[in-house]
Amino acid sequence: FPFFFFFSMSMGERLRDERDEREVFSEAFVKPFVPRIKSINGSVEDVRKQQDALLSRVDAAKRELKWCTELGQLEATMDLIPHYTNKAQQCVRDMHQLAARVAKAKEK
């Protein structure tokens, strides 16, 4: 009977029945995993949202700390303070010496 049944169906009917059987089998095979897959997809979406929020906070922090990139120039300037202090002290000494020479010149 099955052999006769196979030939009694048209080719389109056989393909449709095979497709239906494949769909039923694939649904039966996947169905137990669907809740877990949905749960994992939800978790992945939550992680993606958290990452986006974290990235926006990092970008905001970078914008707030942009002035820190200029610290290199500030640090270089601060390193020169002792040099400028010495120069200023030398200028004060030179001015005192000049004032003393001017005073001597006025006396003569």
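Residues numbered from 1 in each chain as written. Predicted model: local features only at pLDDT ≥ 70, side-chain atom pairs only at ≥ 80, totals over all residues. Heavy atoms only, no water.

### So, the overall build of the chain
(1) Moving on: The helix and strand tally for the chain stands at 5 helices and 0 strands.
(2) Moving on: Moving toward the C terminus, one meets the helices and strands of the chain in the order α-α-α-α-α.
(3) Moving on: Looking at the 108 residues of the chain, the share that counts as buried comes to 2%.
(4) Moving on: When the accessible area of the chain is evaluated, it comes to approximately 10,300 Å², of which 63% is carbon and sulfur surface. (Helix = DSSP H or I, 4+ residues; strand = E, 2+ residues; numbered from the N terminus. Buried < 20%, exposed > 50% of the residue type's maximum accessible area, 1.4 Å probe, protein only. Areas by Shrake-Rupley, 256 points an atom, 1.4 Å probe, with all protein chains shown as cover.)

### Considerations on the packing of aromatic side chains
(1) Moving on: Inspection of every chain in the model, using the stated rule, returns 2 aromatic pairs.
(2) Moving on: Measuring from centroid to centroid gives 6.3 Å for Phe 25 and Phe 29, while their planes differ by 20°, and the two rings are stacked. With Phe 25 and Phe 29 both in helix 2 (residues 11-30) and 4 residues apart, the pair spans about one turn of that helix.
(3) Moving on: Judged by relative accessible area, which is 61%, Phe 25 ranks as exposed.
(4) Moving on: Members of the aromatic cluster, each reached through a chain of ring pairs, are Phe 25, Phe 29 and Phe 33. (Phe/Tyr/Trp six-rings, centres within 6.5 Å; stacked < 30°, edge-to-face > 60°.)

By themselves, these observations are geometric and do not establish any function.
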